[in-house]
Amino acid sequence: MKEAIKQFIFDHFSFLPPELLVVFISALPILELRGGIPVAHQLGFTFSEALLYGIGGNLLPIIPILLLFQPISKWMLRFKGYKRFYDWLYNRTMRKSDNVEKFGAIGLILFTAIPLPTTGAYSACLAAILFFIPFRYALTAIATGVIIAGFGIASLMYSVF
């Protein structure tokens, strides 16, 4: 699925400058850093450029999600389709977030830093909201996790490939 998404983005957004393309891909759910940094590598970016654009793009949606998800969700829950989506999202996030529940903000760092499917900044934001972690702790923890994940993915991409 990730490859299909990447191909769609390349086909439809290739008019963007390469830097903006990496930021855009890194800001998308599902792909995040796991998609942005490899694309930066394919486009010939240096290690530091890939980190800068990948991490920057992945950090973009954190503040809006942390601030707006709860009020928008409360309003949208009156719609049956959104209620089903919210329940699915809630259950998925809760299954993956034992470290967050156990360790709070420190768990968010681990949850975000380990670049596995369905973990990352978006899921960590939702976990922070669901576990009522205060905004500044959640923001700091998620940003730290994104930076750790960025260094891990970039190190792997630039040393192995």
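What counts and what doesn't
- Residues numbered from 1 in each chain as written.
- Predicted model: local features only at pLDDT ≥ 70, side-chain atom pairs only at ≥ 80, totals over all residues.
- Heavy atoms only, no water.
- Helix = DSSP H or I, 4+ residues; strand = E, 2+ residues; numbered from the N terminus.
- Contact = heavy atoms within 4.5 Å.
- Areas by Shrake-Rupley, 256 points an atom, 1.4 Å probe, with all protein chains shown as cover.
- 1 Å grid on protein atoms, 1.4 Å probe; cavity = no way out; pocket = protein on both sides within 12 Å on 5 of 7 lines; lining within 4 Å.
- Points joined across faces, edges and corners; volume = space filled by probe spheres on them.
- pLDDT = per-residue confidence, 0-100.
- Nonpolar A, V, L, I, M, F, W, Y, C, P; charged D, E, K, R; others polar.
- Core = buried A, V, L, I, M, F, W, Y, C linked by side-chain atoms within 4.5 Å.
- Buried < 20%, exposed > 50% of the residue type's maximum accessible area, 1.4 Å probe, protein only.

## Notes on the overall build of the protein chain
Moving on, step 1. Helix and strand counts for the protein chain come out as 10 helices and 0 strands.
Moving on, step 2. With the principal axes as the frame, the protein chain shows a C-alpha extent of 45 × 35 × 25 Å.
Moving on, step 3. In the protein chain, once contacts between residues fewer than 6 apart in sequence are set aside, the share between residues at least 24 apart is 69%.
Moving on, step 4. For the protein chain, the computed accessible surface area is about 8900 Å², with 70% contributed by carbon and sulfur atoms.

## Side note on empty space enclosed by the protein
Moving on, step 1. Counting across every chain of the model gives 2 cavities of 30 Å³ or more.
Moving on, step 2. Considering only enclosed or pocket space, the largest cavity measures out at about 50 Å³ in volume.
Moving on, step 3. Taken together, Glu32, Leu33, Arg34, Asn58, Thr112, Pro115, Gly120, Ala121, Ala149 and Ile153 make up the lining of the largest cavity.
Moving on, step 4. Looking at the lining of the largest cavity, the elements that each hand over two or more residues are helix H3 (32–42) and helix H10 (135–160).

## Description of the confidence of the model for the protein chain
Moving on, step 1. When pLDDT is averaged along the protein chain, the result is 90, and 99% of the positions lie at 70 or above.
Moving on, step 2. Per-element confidence in the protein chain ranges from a low mean pLDDT of 76 for helix H7 (residues 98–103) to a high of 97 for helix H4 (residues 47–59).

## Regarding the layout of surface pockets
Moving on, step 1. Taken as a whole, the largest pocket encloses approximately 360 Å³ of empty space.
Moving on, step 2. Taken together, 17 residues form the lining of the largest pocket, with Pro29, Ile30, Arg92, Tyr122 and Ser123 sitting closest to its centre.
Moving on, step 3. Broken down by secondary-structure element, the contributors of at least two residues to the lining of the largest pocket are H3, helix H5 (62–76), helix H6 (80–96) and helix H9 (121–130).
Moving on, step 4. Per element, the largest residue contribution to the lining of the largest pocket is 4 residues, and it comes from H6.
Moving on, step 5. A per-class count over the lining of the largest pocket returns 10 nonpolar, 3 polar and 4 charged.

## Side note on the nonpolar core
Moving on, step 1. Among the nonpolar cores identified, the biggest contains 43 residues, and Leu66, Phe69, Leu108 and Ile142 are the most heavily contacted of them.
Moving on, step 2. Where this core is concerned, the elements lending two or more residues are helix H2 (18–27), H3, H4, H5, H6, helix H8 (105–113), H9 and H10.
Moving on, step 3. Ignoring anything within four residues of it in the chain, the contact list for Leu66 reads Cys125, Ala128, Ile129, Phe135, Ala138, Leu139 and Ile142.

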